[in-house]
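Descriptive analysis of the structure
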Amino acid sequence: MASDAARTIVIDKLAKGFDDNQVLQSVSLSIPQGESTVLIGPSASGKSVLLKCLVGLMQIDGGSMRYGDLELSGLSTAEWSAFQGRIGMLFQQNALFDSLKIWENVAFRLTHHEGVPRREARDRAVSRMASVGLGEEMADLYPVELSGGMQKRVGVARAMIGNPELLILDDPTAGLDPILTNTILSLIDRETSGKGTTVLVVTGDMKAARSRFDNVAMLFDGEIKWSGKRDDVPDAGDPFLEQMINGRAQGPIKMRLAARG
Ligand SMILES: Nc1ncnc2c1ncn2[C@@H]1O[C@H](COP(=O)(O)OP(=O)(O)O)[C@@H](O)[C@H]1O
Ligand SMILES: [Mg+2]
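Below is a summary of the structure that appears in this document. Not measured: the values here are computed from a predicted model.

Helix and strand counts for the protein come out as ten helices and ten strands. Scaling as 2.2 N^0.38, a compact globule of 261 residues should have a C-alpha radius of gyration of about 18 Å, and the protein matches this with 19 Å. Overall, the protein is about 55 × 40 × 40 Å in size when its C-alpha atoms are taken along their principal axes. Looking at the protein as a whole, 47% of its 261 residues are labelled buried. Of the roughly 12800 Å² that the protein leaves accessible, carbon and sulfur atoms contribute 49%. Positive and negative side-chain charges of the protein, numbering 29 and 33 respectively, have mean locations separated by a distance of 3 Å.

Our focus in this paragraph is the sheet that holds strand 6 (residues 87–90). The sheet built from six strands is open, its strands ordered 6-7-8-3-9-10 with mixed pairing. The two strands at the open ends of the sheet, each matched to only one other strand, are strand 6 and strand 10 (223–229). The mean angle between the axes of side-by-side strands here comes to 15°, regardless of whether they run parallel or antiparallel. Relative to strand 10, strand 9 (residues 215–220) runs antiparallel, the two sharing six bridges.

Per the counting criterion, the structure on display carries 14 salt bridges. Taking the shortest distance from any N to any O, the salt bridge between glutamate 104 and arginine 118 comes out at 2.9 Å. Placement of the pair is glutamate 104 in helix 4 (residues 102–106) and arginine 118 in helix 6 (residues 118–131), with a sequence separation of 14 residues. One salt bridge connects arginine 122 with aspartate 140, and the closest N-O pair in it is separated by 2.7 Å. Linking arginine 122 in helix 6 with aspartate 140 in the loop between helix 6 and helix 7 (148–160), this pair joins segments that are 18 residues apart in sequence.

Attention shifts here to the site of ligand 1. For ligand 1, the full set of nearby residues is Phe18, Asn21, Val23, Pro42, Ser43, Ala44, Ser45, Gly46, Lys47, Ser48, Val49 and Met58. Separating an oxygen atom of ligand 1 from a backbone N or O atom of glycine 46 is a distance of 3.0 Å. At 2.9 Å, a backbone N or O of valine 49 approaches an oxygen atom of ligand 1. Protein coverage of the free-state accessible area of ligand 1, which is 560 Å², stands at 60%. Take the shell around ligand 1: its biggest share by element is three residues, from helix 2 (residues 47–54). Here the residues of the shell around ligand 1 sort into six nonpolar, five polar and one charged.

Bringing the coordination of the magnesium ion (ligand 2) into the picture now. Looking at the magnesium ion (ligand 2), the protein donor atoms are Ser48 (OG) and Gln92 (OE1), and they sit 2.1 to 2.3 Å from it. Here serine 48, found in helix 2, pairs with glutamine 92, found in the loop between strand 6 and helix 4; they are 44 residues apart in sequence, far enough to count as distant.

The subject of this paragraph is the packing of aromatic side chains. Applying the stated criterion to the full structure yields four aromatic pairs. Each ring, one from tyrosine 67 and one from phenylalanine 83, has its centre 5.4 Å from the other, and the planes form 70°; the classification is edge-to-face. Of this pair, tyrosine 67 sits in strand 4 (residues 62–67) while phenylalanine 83 sits in helix 3 (residues 77–84); the two residues are 16 residues apart in sequence, bridging distant segments of the chain. Residue classification places tyrosine 67 among the buried positions, given a relative accessible area of 2%. For phenylalanine 83, a relative accessible area of 2% puts it in the buried group. Summarising the aromatic geometry, the rings of tryptophan 80 and phenylalanine 83 are spaced 5.7 Å apart at their centres and angled 70° between planes, so their arrangement reads as edge-to-face. Residue tryptophan 80 and its partner phenylalanine 83 are both found in helix 3; the two are separated by three residues, about one turn of the helix. Put simply, the rings of Tyr67, Trp80 and Phe83 touch in pairs and so form one group of aromatic residues.

A few words on the side chain of arginine 109. Secondary-structure assignment places arginine 109 in helix 5 (residues 108–113). In contact with arginine 109, not counting residues within four places along its chain, are Gln84, Gly85, Ile87, Gly88, Glu114, Arg158, Ala159, Met160, Ile161 and Pro164.

Basis of the calculations
- Residues numbered from 1 in each chain as written.
- Chains lettered and ligands numbered in written order.
- Predicted model: local features only at pLDDT ≥ 70, side-chain atom pairs only at ≥ 80, totals over all residues.
- Heavy atoms only, no water.
- Helix = DSSP H or I, 4+ residues; strand = E, 2+ residues; numbered from the N terminus.
- Rg over C-alpha atoms; globule rule 2.2 N^0.38 Å.
- Buried < 20%, exposed > 50% of the residue type's maximum accessible area, 1.4 Å probe, protein only.
- Areas by Shrake-Rupley, 256 points an atom, 1.4 Å probe, with all protein chains shown as cover.
- Lys, Arg positive; Asp, Glu negative; His and termini not counted.
- Charge placed at Lys NZ, Arg CZ, Asp CG, Glu CD.
- Pairing = 2+ DSSP bridges.
- Axes fitted to C-alpha atoms, helices over the stretch in contact; angles between N-to-C directions.
- Salt bridge = Lys/Arg side-chain N within 4 Å of Asp/Glu carboxyl O.
- Near = heavy atom within 4 Å.
- Polar contact = N/O pair within 3.5 Å; in protein donor to acceptor, adjacent residues only side chain to side chain.
- Nonpolar A, V, L, I, M, F, W, Y, C, P; charged D, E, K, R; others polar.
- Donors = N, O, S within 2.8 Å, 3.2 Å for Na, K, Ca; no water.
- Phe/Tyr/Trp six-rings, centres within 6.5 Å; stacked < 30°, edge-to-face > 60°.
- Contact = heavy atoms within 4.5 Å.

In structure tokens form, the structure reads like this:
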């Protein structure tokens, strides 16, 4: 359907580096609307940098990023802000607002982008918190009073509130136990699949990457080495993907350990 393709993300030859560290050399990737895509790759391959470029928190050096008809790389600051109001994002380090209560963090997009009154926003935040296993007694606490795993869940709740059309989650289950991990992954699936929501998730959990998302993309050496449907992963025959998804020590991806002495 034309409408389904309308908000596909098309990243083309994206480049981003820092001084002499060319993190993203030429990243090309399509992220279909209404589907979930998981981005995998070794540590420091640039997964988080790619997400930050995509949401306008890092300026790109070259290439293009389109969201449907919208060319993102040409947006003004005001246009980026409007775009960010339409998406839900979880950062790897959660990036909660220290000075805001938990419910105010969770309700942030409602109160700051959608003009929802505080009382209604609080109710919706509390019900969103319940879906990630956080009780109402947490609502008036501050982030510093929560454990790392609780903060992560606050971040997930904040990203998902209001059912954004584009949901971008950087390591949503890092540091969570297996039960919470499954709860969060099932929640993401339940609330987004079949609803037209585009989901992009980074994870280091290869079991989840193999089984939980429609599409898989593998980033290494500044490029997408492989991307495709989850069902095609086992027969992909790509040595980088193979090694990563099976967590093998041996393969084309060499561990870069600094030599001692
Ligand atoms: N703000 C920054 N300034 C300089 N270098 C950065 C910055 N952010 C990330 N990097 C570098 O970019 C590379 C990729 O980082 P990152 O995207 O966080 O990797 P990961 O794939 O683990 O998410 C790393 O070498 C990191 O040091
Ligand atoms: Mg990262």
